Amino acid sequence: MSSSTSLLASETGAIYKDWGGRLVVALAFPNTYFVGMSSLALQILYRRFNAHAAVACERVFWEKEAAAPRRPLLTLESGRPVAEVDVWAFTISYEMDYFNVIEMLRQAGMPPLARDRDESWPLLIAGGPGVTMNPEPMAPIFDAIVIGEGEEIIETLIPLFQEGIAAPRPELLAALDRIPGVYVPTLLPPVTEQGGQPRRIERLWVRDLEHYAPVSCLYTPETEFKGMHLMEIARGCGRGCRFCLAGYLYRPPREQPLELLLQWAEAGLRQSKRLGLVSAAVSDHTQIDDLATALAEMGAEISVSSMRVDPISAPLVRAMRAGGAQTLTIAPEAGSPRLRDVIAKTQTEAQLLQAVELAAALDFPQLKFYFMIGHPTETEEDMAELAAFVSKARAIFKRRIAMNATPFVPKAHTPFQWMPVTDAGVLKKRQQWLQRQVGRMQVAVRADSPAWAEVQTVLSRGDRRLAGVLLDVPEVSVPAFWQTMASHGLERDAFLGQLPVGGMMPWYSVESGVSDTFFLYEWRLAQRARVGPHCPPDSAGCLTCGACDEDWAFRFSGGLPQKPPPPVPAAISLS
């Protein structure tokens, strides 16, 4: 309680409501307060639940080693046991947080399997990118899982919960099962066991994004973005990077109008002069130059979540530096042009180095690169070109350079969903080689664990059998995970190796919005190191990947195509 009191004392924006007569929702982020309070999604949900007078929504976070001393799991605002709420809603961003979900349930004293809980327990629901594209490893745990973007469905769920939370649990689950976008695993067998034409859960996405205000409502110094007002300026990315879960989960790309963003910024500047612009690719907003210039004139100090350099937005970078930004972050992802074509990260070396030159000209103290190693078809020659690129960047930028070397993890519902992972031993050697090569250039390298990347691969492509593994693993360690998998009769290579292309996968229980045919098409292009189509915001009339319906695709054209639509890849040879 003393820790919670201290956190609340340092916050601005927390909402306190009496529980009497209200639907009580515990909004959980299965990681630390520091990490969870960096999530704009958590803040959006917190505000939307609490916008209802008849709902009291409080937060709950995972605490490292809190379960060991048998400390009770309490909500942050009122300090009451989580097991006393009506609905416990998890927003899950990362597969590796599955371990924390199990720990939190045990700490709360709740049976972790949905089949063992009745209406005397809180209804357990989940959402977020960590479960949307493949909910199967968590399916036996949750009563219901929201697939996709949840802003609009909250208005449907609240009255249903108010009416049915005290009813026999099977009745409430049956009602949830009738709502589009809601997956009730106990009422639906695994897709691989259904046979014929299996029932699949559609992904939800918000068509009119401007109706919502995805901005900060909570402020705390105990987070990575302390003292910063976050604004989601756009959602989705149509660039088509083949490894990127978010790029397919949040299709089609949508952006907020400039006028609305400036209104939000004006309100945010009353809280903080630091504004964080959030998007899959901030620089892809069609009015980013005008936005950056206007924010700079308003006196804002600008930070961005990510940006592209093809082309780079010079006004945005100048505004960032003028506002005191210390680091310019660039994500080449791969060092060689060939490998960037394989993964469809279409930035050229000339564009990347132009960004480096701009960072040097504007006197940024630090330049940071994000690379991924172990991409499909990666060779030692590709690694050599990566080191050569860093050498060219070092020749231009004389101050501090840091880089991340993150192992590739195949994700469900991406063109690389069937790809094998590079052996952890090989990846470790490549990381060590890279550290030696660029270390001579005084470049700091942060190399994520290849061993844990293999565990993440299993969780990202696993099925319901993984729930038993998560429940039985005695400790969160790589050896313990593999040993527990073996005790359950599961072979690691069956999850880490090449999967049958086009076969029925466990995650086909949900529809990503992108057609299976399109993923096959992109997979085939990757074999040839060819780049596929993009979907910029002005691509009226495009129905190629299947994410857009006709009402959305023709929204700028009065129902008429503005240009001939690109060919739909209907027939594809997999040989």
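Now for a quick tour of the structure. Since we're looking at a predicted model, the values are computed, not measured.

### Some thoughts on the packing of aromatic side chains
By convention here, two paired aromatic rings are described through the distance between centres and the angle between planes. A full pass over the atoms with the stated rule returns 14 aromatic pairs. Between Trp88 and Phe90 the ring centres are 4.9 Å apart and the planes differ by 35 degrees, which places this aromatic pair in the tilted class. For the pair formed by Trp88 and Phe90, the shared burial category is buried. A network of ring pairs unites the aromatic residues Phe99, Trp452, Phe481 and Trp482 as a single cluster. Here the basic side chain of Arg59 rests over the ring of Tyr46, its NZ or CZ set 5.0 Å away from the ring centre.

### Considering the sheet that holds strand E10 (residues 274–278)
Adjacent strands of a sheet pair through backbone hydrogen bonds, lying either parallel or antiparallel. Taken in spatial order, the three strands make up an open sheet running E7-E10-E11, and their pairing is parallel. Because the sheet does not close on itself, it has two edges, and the strands there are strand E7 (228–232) and strand E11 (301–304). Taking the axes of each pair of neighbouring strands and ignoring which way they run, one obtains an average angle of 25 degrees across the sheet. Inspection of the sheet shows E10 paired to E11 by four bridges, in the parallel sense. Paired with Gly276 across the strands is Ser303, a residue of E11. Each of E10 and E11 touches helix H11 (residues 314–322); the most contacted strand, E11, lies at about 120 degrees to it.

### Points about the environment of Pro332
One can find Pro332 in strand E12 (residues 327–333). As a C-alpha pair, Pro332 and Glu84 span 248 residues in sequence and 48 Å in three-dimensional space. Aside from chain neighbours lying at most four places away, what touches Pro332 is Arg340, Lys345, Gln347, Leu352, Phe369, Tyr370, Phe371 and Phe389.

### Focus: helix H13 (residues 349–361)
With 13 residues, H13 ought to run about 18 Å at 1.5 Å a step, and its terminal C-alpha atoms sit 18 Å apart, in line with that. Of the residues making up H13, those classed as buried are Leu352, Leu353, Ala355, Val356, Leu358 and Ala359. Where H13 terminates, the next one or two residues include Asp363, which has phi positive at roughly 65 degrees.

About the criteria used
- Here, residues in each chain are numbered from 1, in the same order as that chain's written sequence.
- Where totals are concerned, whole chains, interfaces and linings use all residues; where local detail is concerned, this predicted model gives features only for residues with pLDDT of at least 70, and gives and counts side-chain atom pairs only at 80 or more.
- Only hydrogens and water are set aside; all other atoms, that is, all heavy atoms of the structure, feed into the side-chain values.
- Between 30 and 60 degrees the pair is tilted, below 30 it is stacked and above 60 it is edge-to-face, where a pair is any two Phe, Tyr or Trp rings, Trp via its six-membered ring, whose centres lie within 6.5 Å.
- Think of it in three bands: with a 1.4 Å probe and only protein chains considered, a residue is buried below 20% of the maximum accessible area for its type, exposed above 50%, and partly exposed in between.
- By the criterion adopted, a ring carries a charge over it if an Arg CZ or a Lys NZ lies within 6 Å of its centre and within 35 degrees of its normal.
- For two strands to count as paired, DSSP must find a minimum of two bridges between them.
- Helix and strand assignments come from DSSP, with helices taken as H or I runs of at least 4 residues and strands as E runs of at least 2, each series counted from the N terminus.
- To define axes, lines are fitted to C-alpha atoms, for helices over the stretch in contact only, and angles between the resulting N-to-C directions are given on a 0 to 180 degree scale.
- We call two residues in contact whenever any of their non-hydrogen atoms come within 4.5 Å of each other.
- Each helix should span, by expectation, one fewer than its residue count multiplied by 1.5 Å.

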